[in-house]
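Examination of the molecular architecture
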Amino acid sequence: MKESNSNYQVFVVNSAKYLTLTTTKYDRRKKWQRLNDKEIRSFIPGSVIEVYVKPGQHLKAGEVILTLEAMKMYTRVTMPRDGVIKTLEVAKGERLPKDTLLATIE
Amino acid sequence: MSFKRNILDLRKRKKEAQQGGGEAAIEKQVAMGKKTARERIKAILDENSFHEYDLFVEHTGRDFNMEKKVLHGDGVIIGTGTMYNQPVAIYAQDFTVAGGSLGLMHARKITKIMDHALKMRVPLIGINDSGGARIQEGVNSLAGYGEIFYRNTNASGVIPQISVILGPCAGGAVYSPALTDFVFVVENISKMFITGPGVIKTVLGEEISMEELGGAMVHSEITGNAHFFAKSEDECFEQIKKLITFIPWNNSQKALRFPIQEPLLKKSIEEIVPTDPHHPYDIRDIIKAVTDGSDFFEIMEYFARNIVIGFGRIQGNTIGFVANQPMYLAGVLDCDSSDKAARFIRYCDAFNIPIVTLEDMPGYLPGVDQEHAGVIRHGAKLLYAYSEATVPKVTVIIRKAYGGGYIAMNSRHLGADFVFAWPTAEIAVMGPEGAANIVFKKEIDEAENPAEMRKQKIQEYKDKFANPFVAASKGYIDEVIEPSETRARLIHSLEVSGSKVDPRPEKKHGIPPF
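Residues numbered from 1 in each chain as written. Chains lettered and ligands numbered in written order. Predicted model: local features only at pLDDT ≥ 70, side-chain atom pairs only at ≥ 80, totals over all residues.

**Section: the overall build of chain B**
Scanning chain B for helices and strands turns up 20 helices and 17 strands. Against the compact-globule benchmark of 24 Å for 514 residues, chain B has a radius of gyration of 26 Å, which places it among compact chains. Summarising its shape, the C-alpha atoms of chain B cover approximately 100 × 55 × 45 Å along the three principal directions. When burial is assessed residue by residue, chain B has 50% of its 514 residues classed as buried. Sequence-distant contacts in chain B: of pairs separated by 6 or more residues, those separated by 24 or more amount to 73%. (Helix = DSSP H or I, 4+ residues; strand = E, 2+ residues; numbered from the N terminus. Rg over C-alpha atoms; globule rule 2.2 N^0.38 Å. Buried ≥ 20, exposed ≤ 12 C-beta atoms within 10 Å, placed from the backbone. Contact = placed C-beta atoms within 7 Å.)

**Describing the pairing of strand β7 (residues 182–186) of chain B**
Residues and elements named next belong to chain B. β7 sits mainly inside the fold: five of its five residues count as buried. On β7, burial covers both faces: Phe 182, Phe 184 and Val 186 on one face and Val 183 and Val 185 on the other are all buried. Bridge count between β7 and strand β9 (residues 228–230): three bridges; the pairing is parallel. Bridging across to β9, Val 185 finds its partner in Phe 229. (Pairing = 2+ DSSP bridges.)

**Considering helix α16 (residues 432–439) of chain B**
Along α16(B), the residues that are buried comprise B:Pro432, B:Glu433, B:Gly434, B:Ala435 and B:Ala436. Elements that come into contact with the buried residues of α16(B) comprise β2 (16–20) of chain A together with β16 (426–428) and α18 (450–465) of chain B.

**Examining the domain arrangement of chain B**
Residues and elements named next belong to chain B. Domain boundaries assigned for chain B yield domain 1 (22–246), domain 2 (269–429 + 466–499) and domain 3 (432–465). Computed over C-alpha atoms, the centres of domain 2 and domain 3 are 30 Å apart. Listed as interface residues are four residues of domain 2 and, on the opposing side, five residues of domain 3. Taken together, the residues of the side of domain 2 that touches domain 3 sort by class into four nonpolar, no polar and no charged. (Domains from an automatic or database assignment. Nonpolar A, V, L, I, M, F, W, Y, C, P; charged D, E, K, R; others polar.)

**Brief notes about the sheet that holds strand β2 (residues 76–83) of chain B**
All names here are of chain B. Strands sit in the order β1-β2-β3-β4-β5-β7-β9 across an open sheet of seven strands; the sheet is mixed. A strand with exactly one partner marks an edge of an open sheet, and here the two such strands are β1 (51–53) and β9. The sheet shows a mean angle of 20° between the axes of neighbouring strands, taken without regard to direction. Here four bridges tie strand β3 (residues 86–93) to strand β4 (residues 124–128), and the two strands are oriented parallel to one another. Of the residues in β4, the one forming a bridge with Ala 92 is Ile 127. Helix α10 (residues 233–246) contacts β2, β5 (161–165), β7 and β9 of the sheet and is inclined by roughly 160° relative to β7. (Axes fitted to C-alpha atoms, helices over the stretch in contact; angles between N-to-C directions.)

**Topic: the interface of chain B and chain A**
Chain B puts 28 residues into the contact, and the matching count from chain A is 25 residues. For the side of chain B that touches chain A, the secondary structure elements donating two or more residues are α7 (197–204), α9 (216–223), α13 (368–372) and α16 of chain B. Counting residues per element, the side of chain B that touches chain A draws most heavily on α16(B), which supplies three residues.

**Considering the sheet that holds strand β4 (residues 46–51) of chain A**
Reading across from one edge, β7-β6-β4-β9 (chain A) is the order of the four strands in this open sheet, with antiparallel pairing throughout. What marks the edges here is a single partner per strand, and that holds for β7 (73–78) and β9 (95–96) of chain A.

**What to know about the packing of α16(B) against α18(B)**
Residue and element names in this part refer to chain B. Closest axis-to-axis distance for the α16/α18 pair is 9 Å, and the angle between their directions is 115°. Comparing their axes, α18 and α16 come out roughly perpendicular. The element α16 and its partner α18 pack so that their crossing is right-handed. Contacts between α16 and α18 involve Pro 432, Glu 433, Ala 435, Ala 436 and Val 439 from the first element and Arg 454, Lys 457, Ile 458, Tyr 461 and Lys 462 from the second. (Parallel < 35°, antiparallel > 145°, perpendicular 65-115°, else oblique. Left-handed = near helix turned anticlockwise from the far one by under 90°.)

**Topic: unusual backbone geometry**
Residue and element names in this part refer to chain B. The phi torsion at Asn 48 lies on the positive side, around 55°, for a residue other than glycine. Position of Asn 48 relative to the elements: it lies in the loop between α3 (37–44) and β1. Owing to 9 C-beta atoms within 10 Å, Asn 48 belongs among the exposed residues under this scheme.

**Observations concerning the packing of helix α12 (residues 335–350) of chain B against helix α14 (residues 375–388) of chain B**
Residues and elements named next belong to chain B. Contact geometry for α12 and α14: axes closest at 8 Å, N-to-C directions at 20°. Compared by their axis directions, α12 and α14 come out roughly parallel. As for how α12 packs across α14, the hand of that crossing is left-handed. The residues of α14 that touch α12, namely those facing Cys 335, Ser 338, Asp 339, Ala 341, Ala 342, Ile 345, Arg 346 and Asp 349, are Val 375, His 378, Gly 379, Lys 381, Leu 382, Tyr 384, Ala 385, Tyr 386 and Glu 388.

**Description of the environment of B:Lys34**
Residues and elements named next belong to chain B. With respect to the secondary-structure elements, Lys 34 resides in the loop between α2 (23–31) and α3. A sequence separation of 61 residues divides Lys 34 from Phe 95, and the C-alpha atoms of the two residues are 10.0 Å apart. The residues contacting Lys 34, other than those within four sequence positions of it, are Gln 29, Leu 166, Gly 167 and Ile 189.

Right, here's the structure in full:
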């Protein structure tokens with residue numbers, strides 16, 4: 001192979017720059033992102049069975065926000081910490097894809 | 001005498017049973033670009049060497065009207081034959097009979113031939129082409145799978161086990177191939193998955209085709225489930241026939257010796273490698289420069305391309321090669337490349353194949369995804385496999401051998417028998433750039449021109465440590481050699497290791513970081 005291969009990319013390992021090709025799997029890898037702790041998102045697709053809270057409501061850690069049905073299982077989505085429901089983004093009966101914003105909290 | 005009548009009757013029965021699912025089903029099979037199970041066996045084995053057993057086995061399904069159905073051979077063909085005049089055991093699922101679905105008797109036939117293969121210490125080749133469990137037989141088909149997996153595990157490391165995926169192989173069925181040594185797949189024909197596109201769509205709403213989900217290239221490039229990718233069944237059979245020349249028939253034998261050939265190298269070995277350690281080249285060219293006839297049979301060519309594994313011969317003997325590939329991801333170690341190399345090292349060790357390691361890597365792949373994917377646990381497999389292996393182990397350090405990667409790539413410290421280094425080798429705790437940043441941090445920070453100072457300090461470190469002589473002075477490498485000496489050194493060190501004995505503490509088995 002020739003060094004002049006135009007597909008070579010610069011790849012940094014321990015401050016040194018290397019010329020190299022990448023792989024499909026490497027290119028497709030998911031970049032890590034810090035979780036936004038003010039957002040509650042669905043981790044699987046499913047339907048909203050019931051919503052138990054309203055915006056502005058104060059909740060304690062562990063209290064149920066809503067029930068989500070996914071893969072024939074009812075999953076209770078609970079408050080991760082003490083806080084206030086700022087907005088509700090979904091309503092009863094809605095079918096949701098994965099990673100949908102369900103609610104924002106403060 | 002009624003012999004003639006009996007014989008004619010037998011012939012008639014055989015002919016009927018050998019038709020499998022009948023003409024219409026065979027036509028369908030051919031229309032999909034597939035060969036029939038019987039054709040496949042014939043294509044793999046020596047001509048006229050196939051001997052079939054259990055042709056007249058019938059299924060035992062008694063529910064859902066199955067009792068009225070005739071399933072010839074219960075959808076699988078088993079037998080023995082030869083490859084290069086050496087005995088092998090083989091089975092092939094017949095998709096034309098009830099979609100090759102696995103019922104109790106189907107599984108019994110497979111386990112029968114597996115038991116034979118293990119007892120007789122001959123390789124087992126399994127051709128998978130099946131719609132999966134025969135639902136009508138319920139838990140019996142689950143029992144069948146389990147009994148196959150159990151035998152795959154028992155036979156592992158004793159006889160070579162080869163899986164050929166020539167059709168669907170879904171659900172529980174996938175675990176038999178996964179337990180075997182080598183998995184062959186063919187573009188547009190092989191499909192492997194636990195859960196199919198239909199269920200994925202219903203449950204998760206993700207739409208994906210069978211080929212995208214579990215096609216041949218996906219398993220060759222992304223999942224690492226497959227070891228050999230072919231564009232056609234014929235190409236696949238040629239790959240199997242080539243692989244089998246490199247491996248011994250069982251774990252108490254050595255691979256067949258071939259006539260010695262010189263490498264067919266046109267240019268000198270030094271010309272392959274750029275002296276700038278930051279520039280890439282194809283490590284396979286170095287392997288070809290040292291193997292007989294420059295023949296290198298690569299395994300898992302598309303998966304974790306930053307490490308190269310495969311078989312070649314030196315002085316007619318099979319050698320397993322493990323080599324960093326600077327051409328891809330600068331040759332770094334990561335989760336996938338560690339898995340790939342570790343399993344291959346264990347294969348070589350189980351089957352008495354010496355291992356030659358060619359090293360040129362800058363360290364581990366940095367990134368959150370790697371750390372969270374468990375690069376500690378996966379990387380440990382490589383250390384484990386090298387340390388555990390008692391076959392002859394020789395390392396040649398071409399250029400970079402930095403840090404943890406230096407240790408992992410069959411260093412003296414993990415039990416390498418011989419370690420050689422080219423004069424271009426850099427054996428150091430890290431690359432000069434990284435090291436200078438740490439060791440000379442104060443000088444660089446306080447300098448009037450930090451960039452200039454940094455450059456100067458990198459050069460200083462390079463001159464002092466980025467060479468093979470520090471490691472050589474401590475005996476960590478046995479000799480610094482000229483590149484052109486590489487083959488001769490390998491030949492001699494492998495010759496010397498011919499009767500190697502390396503006893504280990506007695507144990508049931510170790511606990512590798514699976």
